[in-house]
Amino acid sequence: MTDDGLTVAVLGPGGVGGLLAALLARAGHRVICLAGDASARTLRERGIHVRSDRFGEFTARVETDTELREPADVVLVAVKHTALDAALERVPVTALAEDTLVVPLLNGVEHPGALRGRYGDARVAPAVIRVESTRLAPGVIEHGSPFVEVDLTGDAVAHDRLDRLTGALEWAGVQVRVLDGEASALWSKMAFLAPFALLTTRYGAPLGVIRTDHREELVSLVEETAAVGRASGAATDAAAALARYDSFPPEMKSSMQRDAEAERPLELDAIGGALLRAAERYGVEAPVAARLVAELGRSYPGS
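Predicted model, so just to flag it, every value in this text is computed and none were measured.

Parameters at a glance
- Residues numbered from 1 in each chain as written.
- Predicted model: local features only at pLDDT ≥ 70, side-chain atom pairs only at ≥ 80, totals over all residues.
- Heavy atoms only, no water.
- 1 Å grid on protein atoms, 1.4 Å probe; cavity = no way out; pocket = protein on both sides within 12 Å on 5 of 7 lines; lining within 4 Å.
- Points joined across faces, edges and corners; volume = space filled by probe spheres on them.
- Pairing = 2+ DSSP bridges.
- Helix = DSSP H or I, 4+ residues; strand = E, 2+ residues; numbered from the N terminus.
- Axes fitted to C-alpha atoms, helices over the stretch in contact; angles between N-to-C directions.
- Contact = heavy atoms within 4.5 Å.
- Salt bridge = Lys/Arg side-chain N within 4 Å of Asp/Glu carboxyl O.
- Phe/Tyr/Trp six-rings, centres within 6.5 Å; stacked < 30°, edge-to-face > 60°.
- Lys NZ or Arg CZ within 6 Å of the ring centre and 35° of its normal.
- Expected span 1.5 Å × (residues − 1).
- Bend = angle between axes of the 7 residues up to and from the residue.
- Buried < 20%, exposed > 50% of the residue type's maximum accessible area, 1.4 Å probe, protein only.
- Nonpolar A, V, L, I, M, F, W, Y, C, P; charged D, E, K, R; others polar.
- Left-handed = near helix turned anticlockwise from the far one by under 90°.

1. Brief notes about empty space enclosed by the protein
Applying the stated criterion across every chain, the model contains one cavity of 30 Å³ or more. Roughly 40 Å³ of volume is contained in the largest cavity. Around the largest cavity sit Leu20, Leu76, Val103, Leu105, Ala127, Val150, Leu152 and Leu169, which together line it.

2. Notes on the sheet that holds strand β3 (residues 48–52)
The four strands are arranged β4-β3-β10-β9 in an open sheet whose pairing can be described as mixed. Looking along the sheet, the strands with just one partner apiece sit at the ends: β4 (56–60) and β9 (133–137). Between one strand axis and the next, the sheet turns by 20° as a mean value, whatever way the strands run. Most of the contacts of helix α1 (residues 15–26) go to β4, to which it runs at about 80°, and overall it touches β3, β4, β9 and β10 (140–143).

3. Quick word on the sheet that holds strand β1 (residues 7–11)
Taken together, five strands build an open sheet; the order of strands is β5-β2-β1-β6-β7 and the sheet is parallel. In this open sheet, the two edge strands, each paired with only one partner strand, are β5 (63–65) and β7 (101–104). Sheet twist, expressed as the mean angle between neighbouring strand axes with direction ignored, is 20°. Bridge count between strand β2 (residues 30–34) and β5: three bridges; the pairing is parallel. Paired with Ile32 across the bridge in β5 is Glu63.

4. Looking at the environment of His159
Inspection of the secondary structure assignment puts His159 in helix α5 (residues 159–172). Remark: the alpha-carbon pair of His159 and Val178, spanning 19 residues in sequence, is separated by 9.5 Å.

5. Remarks on the pattern of salt bridges
With the rule as written, the count across this model stands at 20 salt bridges. Note that Arg30 is salt-bridged to Glu70, the shortest N-O span being 2.9 Å. Of this pair, Arg30 sits in strand β2 while Glu70 sits in the loop between β5 and β6 (74–77), and the two are 40 residues apart along the sequence. Across the pair Asp73 and Arg164 runs a salt bridge, and its minimum N-O distance is 3.9 Å. Placement of the pair is Asp73 in the loop between β5 and β6 and Arg164 in helix α5, with a sequence separation of 91 residues. Each of Arg130, Glu149, Asp151, Arg177 and Arg244 takes part in a single network of salt bridges with overlapping partners.

6. Quick word on the packing of aromatic side chains
The full count for this structure, using the stated rule, is five aromatic pairs. Through pairs of rings, three or more aromatic residues link up here, namely Phe147, Phe192, Phe196, Tyr245 and Phe248. Directly above the ring of Phe58 sits Arg26, whose terminal nitrogen or CZ lies 4.0 Å from the centroid. A cation over a ring is seen here: Arg244 above Phe192, with NZ or CZ 5.9 Å from the ring centre.

7. Re helix α11 (residues 268–282)
End to end, α11 covers 20 Å across 15 residues, agreeing with the expected 21 Å (1.5 Å per residue, within 8%). At Ala274, α11 is deflected by roughly 25°, the largest bend along its length. All of the buried residues along α11 are Leu268, Ala270, Ile271, Gly272, Gly273, Ala274, Leu275, Ala278 and Ala279. In this structure, the buried residues of α11 make contact with α6 (182–203), α8 (215–231), α10 (255–261) and α12 (287–299). Of the residues one or two after α11, Gly283 is the one with positive phi, at around 70°.

8. Structural notes on the layout of surface pockets
What the largest pocket holds in volume is close to 1,100 Å³. Lining the largest pocket we find 45 residues, and of these Gly14, Gly15, Val16, Ala78 and Lys80 sit closest to its centre. Secondary-structure elements contributing two or more residues to the lining of the largest pocket are α1, α2 (37–46), β8 (127–130), β9, α6 and α10. Here the lining of the largest pocket is built from residues that sort into 22 nonpolar, 12 polar and 11 charged. Taken as a whole, the second largest pocket spans an internal volume of roughly 290 Å³.

9. Some points on the packing of α6 against α11
Contact geometry for α6 and α11: axes closest at 10 Å, N-to-C directions at 115°. Taken as a pair, α6 and α11 cross one another with a handedness that is left-handed. On α11, the residues that touch Trp187, Met190, Leu193, Ala194, Ala197 and Leu198 of α6 are Leu268, Ala270, Ile271, Gly272, Ala274, Leu275 and Ala278. Tallied by class, the residues present in the contact of α6 with α11 amount to 12 nonpolar, one polar and no charged.

The following block contains the structure:
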């Protein structure tokens, strides 16, 4: 892959968006972070400071604004699902070029349709990211996982545009795959994410505790999620998901668990709700998922 210079707008420079913004800026790309007034001012003045075992400790300079006011080659949408509707006001469709890529990195499987309705089929290239990265303060990012993995899709998007983004991410240090079929990409993450998020949040414990003390429940939930993924058209593999859990650091926490600890809104509907809606649509039994979603809903009303 080549590493052509890109202009990348990052909507939501938090744990995920901030890490990607810093890596792309360090690799020489023009990066515009879109955020509220206070966060934009902090990033403009101080840049984004990253602490990472893999990438080292560094500060990257970025441009900032509260709204996209000029065309960008790529818009990375990295906000939480709970903030998506309001955040998209920062990216008016009139500011996009015809060939701008809009790349959502949200959790869940239902958001691409809403983005296509807003920006058009030919612009939206859904992606998933696997990483543990946390915003400690505006412009301060702690990358805790030994990996940053992105799966890109785009059935209606020109492949040369995906190739340019793939090259930029790879040169910045991100492992990238371009997959055929949106369902495969979205459900490959959902099969891993849903059990991880629901169980770590329900029990307030990191992955190491879940995969030992709650192993039977983890296995059942992984099997349910994989079955829903297969019914949705993805080649999800329960055994592969479990193997990934067993290979990760025991102290890993899900973003939903971190949100619960910080008393922020949870993406319970985007993850657990979407899983149950797909299970119902395809007639797949998911009793463990249903129980966990109900219990979390009672513990965190309004999520």
